[in-house]
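# Understanding the architecture of this molecule
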Amino acid sequence: MIFKPSSVSKLFNECYPMAIGEYQNNTFDDDSLPTDLGIDKAFQQLEKERLAVLLQILTRTLKKQVLYRCSKVLELGPLVSLDLPTSTLDNIFTQIILLGEREPYGVRGGTLVVMFSPPPTKTSSPIKIGRFPLDPTKVSTYELHLTIQSTSPVKLQFANLWRRLQGKQEKLVVDDKFSLVKKKLYRSSTSSGH
């Protein structure tokens, strides 16, 4: 099966080329900074830029896919919207990056498995929302199991009652408490005593 490169893959290839033909250091003057200090700052800046681009890509692609699939699986309908606060989304993506950075393909080599847990007062098991490959052109070497839940029912019921009185759409708000667990899909090579 042949896959067409997705827009995410194209952006990754533009941001992280496999080989660098030449490098021009226009940012630092050789006379103004010691060599070691200049190189350290350059690497720190490159790392910040790389992480910022990675966060933008994750936000743009996964937020739309995950929220859309959650609405479909949970059968929210047109009268209820799903709200994922930006602070919660940032915390989730930061954890995804931290857990995925040390894998063979990095963050790109993972699959996000999303589960939606009912409020803590109910005893039912989490509902599987779906599996989202972080880069469809890469073979997944690990899975990240993300379990999210809605805010406490009392707060949610009061806020939704107020919205109904105003003639607005009800909201199902995702709580800032979540669980993210990494499961490797490969074995680490170890030396055997044969």
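Worth saying up front: this structure is predicted, and the values here are computed from it rather than measured.

Conventions we followed
Residues numbered from 1 in each chain as written. Predicted model: local features only at pLDDT ≥ 70, side-chain atom pairs only at ≥ 80, totals over all residues. Heavy atoms only, no water. Helix = DSSP H or I, 4+ residues; strand = E, 2+ residues; numbered from the N terminus. Expected span 1.5 Å × (residues − 1). Buried < 20%, exposed > 50% of the residue type's maximum accessible area, 1.4 Å probe, protein only. Phe/Tyr/Trp six-rings, centres within 6.5 Å; stacked < 30°, edge-to-face > 60°. Lys NZ or Arg CZ within 6 Å of the ring centre and 35° of its normal. Core = buried A, V, L, I, M, F, W, Y, C linked by side-chain atoms within 4.5 Å. Contact = heavy atoms within 4.5 Å. pLDDT = per-residue confidence, 0-100. Salt bridge = Lys/Arg side-chain N within 4 Å of Asp/Glu carboxyl O. Pairing = 2+ DSSP bridges.

Spanning 15 residues, helix α3 (residues 86-100) covers 21 Å between terminal C-alpha atoms, matching the ideal 21 Å at 1.5 Å per step. Turning to α3, its buried residues number three or more, namely T88, L89, I92, F93, I96, I97 and G100.

Aromatic ring pairs are defined here through the distance separating the ring centres and the angle between the ring planes. Taken as a whole and judged by the stated rule, the model has zero aromatic pairs. Across from the ring centre of Y142, 6.0 Å away, lies the NZ or CZ of K182, which sits over that ring.

Our next topic: the nonpolar core. Ranked by internal contacts, the top residues of the largest apolar core, which has 31 residues, are L58, I96 and L112. For this core, the secondary structure elements donating two or more residues are α2 (35-73), α3, β2 (110-117), β3 (127-133), β4 (142-149) and β5 (170-173). A per-element tally of this core places α2 first, with six residues. Residues within four places of I96 in sequence aside, it is in contact with L58, V107, L112, L134, L144 and L180.

What follows deals with the confidence of the model for the protein. The predicted structure's coordinates, where accompanied by low pLDDT, should not be read in detail. Summary statistics for the protein give a mean pLDDT of 77 and a share of 74% for residues scoring 70 or more. In this model residues 1-5 is a low-confidence stretch, pLDDT under 50, and it forms two contacts with partners more than four residues away in sequence or in other chains. The low-confidence segment residues 15-30, where pLDDT is below 50, has nine contacts with residues more than four positions distant or belonging to other chains.

What follows covers the pattern of salt bridges. Summed over all chains, the structure comprises six salt bridges. Taking the shortest distance from any N to any O, the salt bridge between R131 and E143 comes out at 2.5 Å. Of this pair, R131 sits in strand β3 while E143 sits in strand β4, and the two are twelve residues apart along the sequence. With a relative accessible area of 43%, R131 lands in the partly exposed category. Linked through salt bridges whose partners overlap, the residues forming this network are E47, R50 and E101.

We now examine the pairing of β4. Of all eight residues making up β4, seven are buried, and the element is well covered by its neighbours. In terms of strand pairing, β2 meets β4 through eight bridges, oriented parallel. Across the sheet, the residue bridging to S117 is Q149, located in β4.

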